[in-house]
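# Commentary on secondary and tertiary structure
Chain by chain, the residues:
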2 protein chains.
Amino acid sequence: MKQKAVPTGGCALHPRFRILSGAAIAFGPGKADLLEALHTTGSITKAAGQLGMSYMRAWTLIKTMNRCFRGPLVLAIRGGTRGGGGAGLTETGLQVLKLYRRMEQNSIRAAQPDWKKFQALLKKESGRTK
Amino acid sequence: MKQKAVPTGGCALHPRFRILSGAAIAFGPGKADLLEALHTTGSITKAAGQLGMSYMRAWTLIKTMNRCFRGPLVLAIRGGTRGGGGAGLTETGLQVLKLYRRMEQNSIRAAQPDWKKFQALLKKESGRTK
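To start, this report covers the structure provided alongside it. (Residues numbered from 1 in each chain as written. Chains lettered and ligands numbered in written order. Predicted model: local features only at pLDDT ≥ 70, side-chain atom pairs only at ≥ 80, totals over all residues. Heavy atoms only, no water.)

## Concerning the interface of chain A and chain B
Every contact between the two is made by 50 residues of chain A and, on the other side, 49 residues of chain B. Buried surface at the junction of chain A and chain B, both sides included, amounts to about 4900 Å², of which 56% is carbon and sulfur. Across the chain A-chain B interface, the total number found is two salt bridges. Between Asp114(A) and Arg102(B) there is a salt bridge; the shortest N-O distance is 2.5 Å. The interface formed by chain A and chain B contains 16 residue pairs in polar contact (both at pLDDT 80 or more). Those elements that place two or more of their residues in the side of chain A that touches chain B are β1 (11-21), β2 (24-27), α3 (55-68) and α4 (91-121) of chain A. For the side of chain A that touches chain B, the element with the highest residue contribution is α4(A), accounting for 17 residues. Class assignment for the residues of the side of chain A that touches chain B results in 25 nonpolar, 13 polar and twelve charged. The sheet contact formed by β1(A) and strand β1 (residues 11-21) of chain B spans eleven bridges and is antiparallel. Bridge pairing in β1(B) places Ile19(A) opposite Leu13(B). (Contact = heavy atoms within 4.5 Å. Buried area = accessible area lost by both parts, 1.4 Å probe. Salt bridge = Lys/Arg side-chain N within 4 Å of Asp/Glu carboxyl O. Polar contact = N/O pair within 3.5 Å; in protein donor to acceptor, adjacent residues only side chain to side chain. Helix = DSSP H or I, 4+ residues; strand = E, 2+ residues; numbered from the N terminus. Nonpolar A, V, L, I, M, F, W, Y, C, P; charged D, E, K, R; others polar. Pairing = 2+ DSSP bridges.)

## What about the relation of the copies chain A and chain B?
The two copies are related by a screw operation: chain A maps onto chain B through 180° of rotation and 0.0 Å of translation along the axis, at an RMSD of 0.0 Å. What the rotation and shift describe, once combined, is the action of a two-fold rotation axis. For chain A, the residue whose C-alpha comes nearest the rotation axis is Ser107(A), separated from it by 2.2 Å. Looking at chain A, 98% of its interface residues are interface residues in chain B too, so the copies touch through the same face. (Least-squares fit on C-alpha atoms with pLDDT ≥ 70 in both.)

## Examining the packing of aromatic side chains
All chains considered together, the criterion is met by ten aromatic pairs over all chains. For the ring pair Trp115(A) and Phe118(A), a centre distance of 5.9 Å and an interplane angle of 35° mean the geometry is tilted. Separated by three residues within a single helix, Trp115(A) and Phe118(A) lie in helix α4, roughly one turn from each other. One exposure class covers both Trp115(A) and Phe118(A), and it is buried. Ring plane angle 70° and centroid distance 5.0 Å describe the contact between Phe27(B) and Tyr100(B), whose orientation is recorded as edge-to-face. Separated by 73 residues along the polypeptide, Phe27(B) in strand β2 (residues 24-27) and Tyr100(B) in helix α4 (residues 91-121) bring together distant segments of the chain. Pair check on accessibility: Phe27(B) and Tyr100(B) agree, each one buried. Among the aromatic residues, those joined into a cluster by ring pairs are Phe27(A), Phe69(A), Tyr100(A), Trp115(B) and Phe118(B). (Phe/Tyr/Trp six-rings, centres within 6.5 Å; stacked < 30°, edge-to-face > 60°. Buried < 20%, exposed > 50% of the residue type's maximum accessible area, 1.4 Å probe, protein only.)

Right, dumping it as structure tokens:
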């Protein structure tokens, strides 16, 4: 279900949708990855670990998401006896994730004709960072 | 020519395409805005000022772009007698900018059906930051 970049030679197209709700970033690529990891692992600690973020960062993102939508996306228990913090996606959470991934896929598809032309302008190898 | 978010109530959808070439970010929203500002102002200093970035930052982004594409996107003169640093877009630069903006527009259009459903799940007002 995770977003795929279009691999062609050494270059790739990464669409990133950011959804703003007032001043808050209600949803975006990082939150989508977190939902996915929570769904797979059922644990905040494991999901955070998988994404290389701290437990606190994951917790903050969850709080933001739950605040921005009509219903919570994640039901989470912080800490707990084993300190792991269990978590699961709600029906709304699953729906939001599905819609987001489909927007990404449709977006990549719609960009294809221009992306081919764009690629023709890129050097085959550019190597260095930044 | 600048990318428009889709304004509906208090929330907006911002697609951001990032184009990777090897380890380098060959192009993305920041570089597109910079090309646009360079095209409008004809000056690195003015373009950087318009975008709230330092002259050095703009210069670094220009160098990266020029290295990643088959031909340079920007012809720039650093410093100069008035210290302004003149700049103009090449034919390739104009083409890259046009293709990028069109990818964004087509992407927004393709995401519309799901974006409407997504919006229905967002709270009307979420206000606070983060």
